[in-house]
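This is what each chain is made of:
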Amino acid sequence: MNYTKKCKLWKLGPGGCHLVIQARLRGEPVHLLIDTGANHTCFDKQFVDSLDIDTKESGKDEVNVGIGGQDFVALIAVMRDLKIGRRKIPPLHCRLIDLQHVNAAYQMAGFPNIQGIIGGDFLKSYHAVIDYGQRTLTFDI
C-alpha cells in the first residue's frame, strides 16, 4: 500500500537543497535526510547510543566509505521502532555513523540537527518516489 509523507525542503546556498522528513524512533522525534547518493540508511551513533539500542560491528570484509572517501568500520543496529508518519517501518538494518560534521553545517545554515539518513537501500526496498515539486516521499509499505 502506498504511503505519502510530506517533506521539508531545506534550501542550502544558491540553488542547493535537501529534502528532510520528520519521523519517530522509539517515540523520539527525528529528522531524516533523504539521500539518493547514500547506499545505506544511517543513523547518528551518538543519538542511537542515547536511546540504548543494541549495536554490532559489521564484518571486516565489508567496505564502508563515508563522505570524504575515508574507509571506516561501521556499526550496525536494527531499528525496530521507527515510524514515518502513521506507518511503522519493519525492522531496518542501519549503519551508525558520526553525523557531527553534517550537523555542524546544518546549524551554521540555521537548520536543526538530523538524526539519520534515508539511503538507497530503503528507497529501493520500498519503491520510493521522491517528488520535489510536491515535496513528498511516497513509498510502499
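On to the state of the cysteines, then. In this structure the tally under the stated criterion is zero disulfides. The structure places no disulfide on Cys 42, whose sulfur is separated from the nearest cysteine sulfur, that of Cys 94, by 7.7 Å.

Taken in spatial order, the three strands make up an open sheet running 1-13-12, and their pairing is antiparallel. Strands with a single pairing partner mark the edges of an open sheet, and in this sheet they are strand 1 (2-6) and strand 12 (129-131). Pairs of neighbouring strands in the sheet enclose a mean axial angle of 20°, with direction left out of account. As defined by bridge partners, strand 1 adjoins strand 13 (residues 136-140) across five bridges and the pair is classed as antiparallel. Each bridged residue has a counterpart across the sheet, and for Tyr 3 the counterpart in strand 13 is Phe 139.

Let's shift gears to the layout of surface pockets. Approximately 170 Å³ is the volume found for the second largest pocket. Considering the residues around the second largest pocket, the lining is formed by Leu 25, Arg 26, Asp 52, Ile 53, Asp 54, Val 78, Met 79, Arg 80 and Asp 81. Residues that form the lining of the second largest pocket fall into these classes: four nonpolar, no polar and five charged.

Overall, the coordinates contain one salt bridge when judged by the stated rule. Residue Lys 45 pairs with Asp 49 through a salt bridge whose shortest N-O separation is 2.7 Å. In this pair, Lys 45 and Asp 49 are both assigned in helix 1 (residues 45-50), four residues apart and thus about one turn of the helix distant. Owing to a relative accessible area of 30%, Lys 45 belongs among the partly exposed residues under this scheme.

As a further point, take the pairing of strand 13. Counting buried residues along strand 13, four of its five residues qualify, which places the element largely inside the surrounding structure. Sheet analysis places strand 12 next to strand 13, joined by three bridges and oriented antiparallel. Directly across from Val 129, in strand 13, lies its bridge partner Thr 138. Between strand 12 and the antiparallel strand that follows it, strand 13, lie four residues; Arg 135 among them carries a positive phi value of about 55°.

On to unusual backbone geometry, then. Of note, the phi angle at Asp 52 is positive, near 55°, even though the residue is not glycine. You can see Asp 52 is positioned in the loop between helix 1 and strand 6 (55-57). Asp 52 gets classed as exposed once you look at its relative accessible area, which sits at 64%. One non-glycine residue, Arg 135, lies in positive phi territory at about 55°.

Basis of the calculations
Residues numbered from 1 in each chain as written. Predicted model: local features only at pLDDT ≥ 70, side-chain atom pairs only at ≥ 80, totals over all residues. Heavy atoms only, no water. Disulfide = S-S within 2.5 Å. Pairing = 2+ DSSP bridges. Helix = DSSP H or I, 4+ residues; strand = E, 2+ residues; numbered from the N terminus. Axes fitted to C-alpha atoms, helices over the stretch in contact; angles between N-to-C directions. 1 Å grid on protein atoms, 1.4 Å probe; cavity = no way out; pocket = protein on both sides within 12 Å on 5 of 7 lines; lining within 4 Å. Points joined across faces, edges and corners; volume = space filled by probe spheres on them. Nonpolar A, V, L, I, M, F, W, Y, C, P; charged D, E, K, R; others polar. Salt bridge = Lys/Arg side-chain N within 4 Å of Asp/Glu carboxyl O. Buried < 20%, exposed > 50% of the residue type's maximum accessible area, 1.4 Å probe, protein only.

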